[in-house]
Amino acid sequence: MPERTATTVEGRSLVLSNLDKVLWPATGTTKAEALHYYARIAPAMLPHLRERPASFVRFPDGVEAERFYTKNPPPGLPEWVATVRVNGKDGVRSHVVVNDLPSLMALANLAALEMHVPQWRDSRPDSHDRLVIDLDPGPGVGLVECCHVALLLREAMEEEGLSVWAKTSGAKGLHLYAPLTGLPEARVSGYAKSLARRFEDSHPDLVVHRMAKALRPGKVFVDWSQNATAKTTAAPYTLRARPVPAVSTPVSWEEIAECASPEDLAFTPEQVVERVAEHGDLLEGLLDPAAASDLSDAHA
């Protein structure tokens, strides 16, 4: 395969490079295969990325080499890729927004293969349009226990007027999402923390809401802090910089209820493409404004 390949993506000129470079040595998966995955998954993935200031994990020499977490537009990014200026705690910073297929492919071509986004859009950091709960298993527990906690949380959240969807983190845990009408960080984080604390109180042998690692053995950490304006979460359908190619994959509640081992909810990029072809986007409801909650029925 030539070192550089000129192509056109939806009218945008792009020079793809090093397509035969192996990025996942354990499976021999190449950069070309990663780009091919993003090209095929884009119709389902892009709605969850659009208008959200993105951050990236770049691993240009593969997952076993040095990697970089960056919020800045990667060097070499084409000028036609959209950016937005965000005023944060460290000043005004330019972020990429992945609004279309050419932008997605341009970023993947620069080895910005793991994509993270906040729970708000555009340059409106105090208008959160979704809530996220990150379920992270501590030592001695795993994805099965996360699924058990997820089912309990879903029941409680739905009783308080929220609609809840789930995806794997692409690592060890699960992410639960609920769409919101556009609420201040303080209201969203306050609710998420209250929910996590209540579950620690009612399930002390299973759940912890505090971040101290010494408290986590044998328990699932209900991480409410991902709702902070400055935080980002792995985007739906993103590849992860794991030893083998993994994807943050939307899953159904039936799959969560039936999960008996971590392998039950571990999917390769090819399997994720096949799942979308068969079932569509299992997070599509998260994008429906009619499903959004204003937290008026939720405990503060």
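Residues numbered from 1 in each chain as written. Predicted model: local features only at pLDDT ≥ 70, side-chain atom pairs only at ≥ 80, totals over all residues. Heavy atoms only, no water.

Undergrad: Teacher, can you tell me more about helix α2 (residues 101-109) here?
TA: An α-helical segment advances 3.6 residues per turn. Residues three or four places apart therefore align on the same side. Of all the 9 residues making up α2, 9 are buried; the element is thus mostly covered by neighbouring parts of the structure. Every buried residue belonging to α2 is among L101, P102, S103, L104, M105, A106, L107, A108 and N109, and all of these are buried. A111, located one to two residues past α2, shows a positive phi value of around 65°. (Buried < 20%, exposed > 50% of the residue type's maximum accessible area, 1.4 Å probe, protein only. Helix = DSSP H or I, 4+ residues; strand = E, 2+ residues; numbered from the N terminus.)

Undergrad: Hey, could you run me through the UniProt feature "domain: DNA ligase D polymerase" (unreviewed entry) in the protein in this one?
TA: According to UniProt, the positions carrying the feature "domain: DNA ligase D polymerase" (unreviewed entry) are residues 30-282. Each end of residues 30-282 is marked by a C-alpha atom, and these two atoms are 27 Å apart; helix forms 32% of the span and strand 26%. (UniProt positions renumbered as here; feature names shortened; annotations may be inferred.)

Undergrad: How do you make sense of the environment of S225 when you look at a structure like this?
TA: As for its position among the elements, S225 is in the loop between β14 (220-223) and β15 (233-234). Separated by 178 residues in the primary sequence, S225 and P47 place their C-alpha atoms 24 Å from one another. Ignoring any residue separated from it by four or fewer positions in sequence, one finds S225 in contact with M211 and K231. A polar side-chain atom of S225 sits 2.6 Å from a polar atom in the side chain of D223. Here K231 takes part through its side chain, which lies 3.2 Å from a polar atom of the side chain of S225. (Contact = heavy atoms within 4.5 Å. Polar contact = N/O pair within 3.5 Å; in protein donor to acceptor, adjacent residues only side chain to side chain.)

Undergrad: Looking at this structure, I do not really get the pattern of salt bridges. What am I missing?
TA: Two side chains carrying opposite charge are able to pair once their charged atoms lie near each other. Applying the stated criterion to the full structure yields 11 salt bridges. The closest approach of N and O atoms between R240 and E114, which form a salt bridge, is 3.2 Å. With R240 in strand β16 (residues 239-240) and E114 in strand β9 (residues 112-117), this residue pair connects regions lying 126 residues apart in the sequence. When sorted by exposure, R240 lands in the same class as E114, which is buried. The partner of E158 in a salt bridge is R154, with the nearest N and O atoms 3.1 Å apart. (Salt bridge = Lys/Arg side-chain N within 4 Å of Asp/Glu carboxyl O.)

Undergrad: Can you walk me through the packing of helix α3 (residues 143-159) against helix α4 (residues 185-202) in this structure?
TA: For any two helices packed against each other, one specifies the crossing angle of their axes together with the interaxial distance. Between α3 and α4, the shortest axis-to-axis distance is 12 Å and the interhelical angle comes to 125°. Considering the angle they form, α3 stands oblique to α4. Relative to α4, the crossing made by α3 is right-handed. Between α3 and α4, the residues in contact are L152, L153, A156 and M157 and Y191, L195 and F199, respectively. (Axes fitted to C-alpha atoms, helices over the stretch in contact; angles between N-to-C directions. Parallel < 35°, antiparallel > 145°, perpendicular 65-115°, else oblique. Left-handed = near helix turned anticlockwise from the far one by under 90°.)

Undergrad: Where do I start with a negative patch on the surface in this structure?
TA: Side chains of E254, E258, E263 and D264 sit close together on the surface and give a patch of like negative charge. Note on placement: E263 falls in the loop between α5 (253-258) and α6 (269-279). (Patch = residues over 30% accessible without salt bridge, like charges linked within 9 Å, V, L, I, M, F, W, Y side chains within 5 Å. Areas by Shrake-Rupley, 256 points an atom, 1.4 Å probe, with all protein chains shown as cover. Lys, Arg positive; Asp, Glu negative; His and termini not counted. Charge placed at Lys NZ, Arg CZ, Asp CG, Glu CD.)

Undergrad: In this structure, what is going on with α3? I would like to understand it.
TA: Here α3 is 17 residues long and its end C-alpha atoms lie 24 Å apart, about the 24 Å a rise of 1.5 Å per residue gives. Buried within α3 we find L143, C146, C147, V149, A150, L153, A156 and M157. Where α3 is buried, its residues meet β10 (128-137), β12 (174-183), α4, β13 (207-208), β14 and α5. G161 sits one or two positions beyond α3 and adopts a positive phi of about 90°. (Expected span 1.5 Å × (residues − 1).)

Undergrad: Help me understand the layout of surface pockets in this model?
TA: Using a probe with the size of a water molecule, rolled over the atoms, empty space left in the structure can be pinpointed. Estimated volume of the largest pocket: approximately 500 Å³. Considering the residues around the largest pocket, the lining is formed by 30 residues, among which P245, A246, V247, F267 and T268 are closest to the centre. Looking at the lining of the largest pocket, the elements with two or more residues in it are α1 (31-49), β17 (246-247) and α6. Looking at the lining of the largest pocket element by element, the count peaks at 5 residues for α1. For the lining of the largest pocket, the class distribution of residues is 16 nonpolar, 8 polar and 6 charged. (1 Å grid on protein atoms, 1.4 Å probe; cavity = no way out; pocket = protein on both sides within 12 Å on 5 of 7 lines; lining within 4 Å. Points joined across faces, edges and corners; volume = space filled by probe spheres on them. Nonpolar A, V, L, I, M, F, W, Y, C, P; charged D, E, K, R; others polar.)

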